[in-house]
Amino acid sequence: MQIYKVGGAVRDRLLGQPVTDIDWVVVGATTEEMLAKGFRPVGADFPVFLHPKSGEEYALARTERKNGRGYGGFIFHASPDVTLEEDLIRRDLTINAMAEDDQQNLTDPYHGQRDLEARVLRHVSPAFAEDPLRVLRVARFAARYAELGFTVAPETLELMRQLSESGELKALTPERSWKEIARALMEDQPQVFIAVLRECGALKVLMPEVDALFGVPQPEAHHPEIDTGVHTLSVLEQAALHKQPLTVRWACLLHDLGKGLTPEEEWPRHIAHEHKGLKLIKAVNERFKAPKDCQELALLVGKYHTHGHRALELKPSTLLELLQSFDVYRRPQRFEEFIAACEMDARGRKGLEQRSYPQADYLRGAATAARSVAVQPLLEKGFKGPELGEAIKGERLKALKVYKSASSV
Ligand code: ATP
Ligand code: MG
């Protein structure tokens, strides 16, 4: 048997990028031979194994044939007579379809190295269209390598467009889609992921609620960029620049969905967009089965981001409601993430990227003030049950009044 490094490890070495995980392909071997060498099978009917020591993935060279819709609809053929070239042609992009032996000799039948040098993301063969996940993968690689100057080849974009129009994207499972979305959002330029999806028409299929924001104007005084879609991309860009976690990035992407529902007569104003957007945020959350923390933060940021911006003007009672809604006493981290999302929203505006955001520290101070209320003295006074709850709230309100007047001198 011959063993080759394939995929990302080859690509990233040639690009001079750090190599995180290594995928291997094995030519000329049978499942029995792999098992005899101590490799552990990954799945029952999938010719992929884990190395007994390194845990890295070794796949038998295979060909694929499409048979029906979705990812389940593939017939694999793995046998010792499948060649390296036959295995490489089923891969998504030319830059991902190179292999390397242990002497670093490159096998590159589909000119991946040429495309690496030209900074082009290009599909290997028309079979690209057989797995709609590749649309998301290409958009993700575009985001990852935007910094290096990579763009999607026009003919690949055209295939992605056809795939988006065909309805095949709908056959993707939430789990597969979310994995790509989450990885793409964590890249340095996640806004490129959304922009590429939009360009090929996939955004309209996957997240029509986000797609609908493009072309919707906002008041120029607060939003020099005017367009709500452009603003959303900038907020995401800021979130990445500021190294925010996935929860915050997800919330940034969805925070203004309500603006897509405003009747044109009301443009550029968006009255109550926070509230109107909630059902859309819920729909997107559920469509991709986003993790609970992402779902929660997106809904809270959608509902309260304008509260964040107006923090310094909020009445103590409104501040208290905000803090209670976040359960800031038991969930301080979630409130920090809310503050971060609001700050990214404020900075994700043309020419205002460097502005200061005093609301952030003000909100932190308010949380500290409310949290400093001690429960013990109230217990000692004999408060119990719902009365105790009311008494605590009353003390927190007092603390916030003191905080607000102390901050405004
Ligand atoms: P990363 O650095 O993100 O791991 P990668 O290119 O190694 O990038 P993997 O998901 O680890 O990505 O996949 C390894 C290789 O398998 C890819 O380089 C590609 O050749 C192939 N591959 C993975 N998923 C697909 C797919 N859906 N369609 C076609 N080829 C794929
Ligand atoms: Mg990999």
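What you see is a predicted model; the values in this text were computed from it and never measured. The numbering scheme is per chain: residues are counted from 1 as the chain's sequence reads. A letter from A marks each chain and a number from 1 marks each ligand, given out in the order of writing. Confidence filtering applies because this is a predicted model: local features only for residues at pLDDT of at least 70, side-chain atom pairs given and counted only at 80 or more, and all residues used for totals across whole chains, interfaces and linings. Side-chain metrics in this entry use all non-hydrogen atoms of the structure; hydrogen atoms and water are not considered.

A.B. asks: When you look at the domain arrangement of the protein in this model, what are you seeing that I'm missing?
C.D. replies: Interface size, as often reported, equals the accessible area lost upon joining of the parts. As assigned here, the protein comprises domain 1 (1–109) and domain 2 (372–407). Domain delimitation in this document rests on an assignment produced automatically or drawn from a domain database. The distance between the C-alpha centroids of domain 1 and domain 2 comes to 62 Å.

A.B. asks: Just to check I follow, could you spell out the coordination of the magnesium ion (ligand 2) for this structure?
C.D. replies: Ideal coordination angles are 109.5 degrees for a metal with four donors arranged tetrahedrally and 90 or 180 degrees for a metal with six donors arranged octahedrally. Coordinating donors are taken as N, O and S atoms within 2.8 Å of the metal, stretched to 3.2 Å for Na, K and Ca; because water is absent from the atoms, sites can appear incomplete. Taken together, D21 (OD) and D23 (OD) make up the full set of protein donors to the magnesium ion (ligand 2), lying 2.6 to 2.8 Å away. For D21, a relative accessible area of 48% puts it in the partly exposed group. Three exposure classes are used, based on accessible area relative to the maximum for each residue type with a 1.4 Å probe and protein chains only: buried under 20%, partly exposed in between, and exposed over 50%.

A.B. asks: Sorry, what's going on with the nonpolar core here?
C.D. replies: The nonpolar side chains of a soluble globular protein tend to be buried with one another. Think of a nonpolar core as a cluster: buried Ala, Val, Leu, Ile, Met, Phe, Trp, Tyr and Cys residues, connected wherever their side-chain atoms sit within 4.5 Å. Among the nonpolar cores identified, the biggest contains 94 residues, and M207, W250 and F338 are the most heavily contacted of them. The residues contacting F338, other than those within four sequence positions of it, are L297, L300, V301, Y304, H305, G308, L322, F326 and L363. Grouped together as the second largest cluster of nonpolar side chains are eleven residues, V82, L84, L88 and V124 included. Pairs of residues are marked as contacts when any of their non-hydrogen atoms sit within 4.5 Å.

A.B. asks: Could you clarify how one ought to interpret the site of ligand 1 in this entry?
C.D. replies: Surveying the vicinity of ligand 1 reveals 16 residues, the closest of which are R11, N96, R134, R144 and R183. Think of a polar contact as two N or O atoms within 3.5 Å of one another; within protein, one of them needs to be a possible hydrogen donor and the other a possible acceptor, and neighboring residues in sequence only count if both atoms come from side chains. In this structure, D92 approaches ligand 1 through a main-chain N or O atom, which is 3.2 Å from a nitrogen atom. In this structure, N96 approaches ligand 1 through a main-chain N or O atom, which is 2.9 Å from an oxygen atom. Note that accessible areas follow from Shrake-Rupley with a 1.4 Å probe, and for residues the cover is restricted to the protein chains shown. Calculation on ligand 1 without its partners gives an accessible area of 580 Å², and the protein chains cover 83% of this total. Every element with two or more residues in the shell around ligand 1 is listed here: α1 (8–15) and α5 (133–144). Across the shell around ligand 1, the residue classes tally to one nonpolar, three polar and twelve charged. Only a single heavy atom is needed: when it lies within 4 Å of a molecule or strand, its residue is near that molecule or strand. Think of it this way: any DSSP run of H or I at least four residues long counts as a helix, any run of E at least two long counts as a strand, and we number them from the N terminus. Charged residues are taken to be Asp, Glu, Lys and Arg, nonpolar residues to be Ala, Val, Leu, Ile, Met, Phe, Trp, Tyr, Cys and Pro, and polar residues to be all remaining types, Gly included.

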